[in-house]
Amino acid sequence: MSRNPFKPTAGASPPLLVGREDVLDAWADSLDNGPGSPGRITIYTGGRGVGKTVMLNEVGNIARESGWLVIDETATPGFVGRIHHAIVRYLKEWVEPTGRRVTGGRVGPISVTTQLPEEGDRDLSTDLRSLLDSLARHETGLVLTLDEVHRRSGADDLAVVAAITQHMVREGRDFGVAMAGLPQAISELLTDAPITTFMRRADRHELNDVQPEAVAKALREPIEQSGKHIEDQALTAAVEATGGYPFLIQLVGFHVWKQSREGAIDSDAVRAGVDAARRRFGSLVQEPALQDLSEVDRTFLAAMAADDGPTSVSDIQLRMGITKNGPQYVNEYRNRLIKSDMIRQVGRGRVDYALPFLREYLRDHAATLGLSIASQPEEGE
Ligand SMILES: Nc1ncnc2c1ncn2[C@@H]1O[C@H](COP(=O)(O)OP(=O)(O)O)[C@@H](O)[C@H]1O
Ligand SMILES: [Mg+2]
C-alpha cells in the first residue's frame, strides 16, 4: 500500500502548499531586487495552524535555491547566540579554510546544536560582516528565518536582531530576515523602541484561510498522486469540513485517506475521516492552546460557547456570575484573551473565538475541562 501523503504535523511542509502564491512571489522578488528591497524584511502573522512555520520553510527553500545561505531559528531565549554559532560555522565551513565558492542549493541546513570551540569574544556583527563580504564576492547573501517571534522571552534577543538588521540594510548588504508569529501577541511586543521601528519597516503578511477551490486542489492532487481517487461529492464534503483552515486540510486529508482501503474515497469514508480529524485537531491545537491559559480565561471561553456566534461581553459577565467590579474584571480577561490570540473583537462589545472549532471543542469537552456551559435560553422563555 502506498504512503499517506498528508502531513498533519506542526511545521511539516504539506504535500501541496496552496493559497500562498502571491506571498511567495513577493519574497522571491525581494531576493532578486537587490539590497534595500522592502520585502527582505518580512513578517508572516496568523493564528495557530494557519501555516506560518511552513511559510518560513518555503522562503528558506526559495533562498537556498537561489544560492543563498539560510539560518533557521526560533525566538526562544538565547537565539542570538545560536545564530552567532551558525554564522561562525558557515564562516569556517564555507569561507575561511578554502575560500571555496558557495553554490546554489548545495549548502545543507546547518545544525546549530553543535557546540563550537570557544571563540573568545568574537563579535556577532563582525562575523556577520565577514560572512556577508565573502558571500557578496559570489553575488549571494544570507537569510535568517525566525519563528515564533511573539514570544516575550525572546524580546531582548529580538532587539539585537533588529539593530543588526538595520545596520546591514543601511550598508546595502545582501541580508534578509523572514519572521513569523501570532498577530496580536506581536503587536504587544512592539512597545520596545528598536523592535517597533524594525517591525514597522517589515513587510507584513497576514496569512488567512484558504479558498475552497484551493483546498480542493490541496486534497485531490496528493490523493491522486498516491494512487487513490476521491468522488466529487466526497471531496466537496471534505473541503467544507476543513473550513479552509490549513492544519485541517492536512488532518482531514490524512484521516480521510486512511479510511479507504480500496483506493476510492466515498462520502462514508469522508464522514468517518472528518470525525477522526476533528478529534485530532482538538488534541493538537485546541487542547495545548487552552493549557496555556488560566482557569478564569478558560471559564470566560466556556461562557462564550453558549452562543452559536459572537457573544456580548455583558452576557459573559452575567454567565460567569461576576458581580463585584463586573465590567472591569471581565474586560481585563477579555483583553488578556485578545492578546493571546484566543478571541477577537467583533464590533462594539462583542467577541468571537479566534481558533476554528473552539466552540465545538469546548461544548464537547466542558466536563473533562471542569467547565460548565450556560444553557442558552430558548426563544420565548
Ligand atoms: N498553504 C497550505 N496548504 C496546505 N497545508 C498547509 C498550508 N500551510 C500549512 N499547512 C499545514 O498546516 C499545518 C500547520 O502548519 P504550521 O506551519 O505548523 O502552522 P503555524 O506555524 O502557523 O502554527 C501543517 O500540517 C502544514 O502541513
Ligand atoms: Mg509554527
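Our subject is the structure that appears above.
Residues numbered from 1 in each chain as written. Chains lettered and ligands numbered in written order. Predicted model: local features only at pLDDT ≥ 70, side-chain atom pairs only at ≥ 80, totals over all residues. Heavy atoms only, no water.

Q: How should the overall build of the protein chain be read in this particular structure?
A: Helix and strand content of the protein chain: 15 helices and 10 strands. Within the protein chain, buried positions represent 49% of all 381 residues. Partitioning the intrachain contacts of the protein chain with sequence separation of at least 6 by distance along the chain shows that 75% fall at a separation of at least 24. Carbon and sulfur atoms make up 47% of the accessible area of the protein chain, which totals about 18,600 Å². (Helix = DSSP H or I, 4+ residues; strand = E, 2+ residues; numbered from the N terminus. Buried < 20%, exposed > 50% of the residue type's maximum accessible area, 1.4 Å probe, protein only. Contact = heavy atoms within 4.5 Å. Areas by Shrake-Rupley, 256 points an atom, 1.4 Å probe, with all protein chains shown as cover.)

Q: Honestly, the nonpolar core in this entry has me stumped. Any pointers?
A: When a protein is soluble and globular, its nonpolar side chains tend to lie buried together. Ranked by size, the top nonpolar core spans 56 residues in total, and within it Phe 300, Leu 301, Met 342 and Leu 358 carry the most contacts. Sorting elements by how many residues they give to this core places helix α11 (residues 267-291) first, with 8 residues. Formed jointly, this core draws a minimum of three residues from each of two domains, domain 2 (212-289) and domain 3 (294-365). (Core = buried A, V, L, I, M, F, W, Y, C linked by side-chain atoms within 4.5 Å. Domains from an automatic or database assignment.)

Q: Explanation requested: the sheet that holds strand β9 (residues 343-345) in the structure shown.
A: By definition, the strands of a sheet pair up through backbone hydrogen bonds, in either a parallel or an antiparallel sense. The strand order across the open sheet formed by 3 strands is β8-β10-β9, and the pairing between neighbours is antiparallel. Across the chains shown, the open sheet's two edge strands, defined by having one partner strand only, are β8 (311-312) and β9. Across 2 bridges, the pairing between β8 and strand β10 (residues 350-353) is antiparallel. In the strand pairing of β10, Thr 311 is matched with Val 351. Along the sheet, helix α14 (residues 326-339) contacts β9 and β10; its crossing angle with β9, the most-contacted strand, is approximately 110 degrees. (Pairing = 2+ DSSP bridges. Axes fitted to C-alpha atoms, helices over the stretch in contact; angles between N-to-C directions.)

Q: Please explain the side chain of Asp 352 as it appears in this structure.
A: Note that Asp 352 resides in strand β10. With a relative accessible area of 17%, Asp 352 lands in the buried category. A distance of 3.2 Å separates a polar atom in the side chain of Asp 352 from a polar atom in the side chain of Arg 359. Those residues in contact with Asp 352, other than ones at most four positions away along the chain, are Met 304, Gly 309, Pro 310, Ile 343, Arg 344, Val 346 and Arg 359. (Polar contact = N/O pair within 3.5 Å; in protein donor to acceptor, adjacent residues only side chain to side chain.)

Q: Explain helix α2 (residues 52-65) to me, please; I cannot follow it from the model alone.
A: Every α-helix carries 3.6 residues per turn, so stepping three or four residues along brings you back to the same face. The terminal C-alpha atoms of α2 lie 20 Å apart, and with 14 residues this matches the ideal 20 Å at 1.5 Å per residue to within 8%. As for α2, its buried residues are in contact with α1 (21-32), β1 (41-45), β2 (69-74), β3 (142-147) and β4 (175-181). Just downstream of α2, Gly 67 is the residue with a positive phi angle, here 90 degrees. (Expected span 1.5 Å × (residues − 1).)

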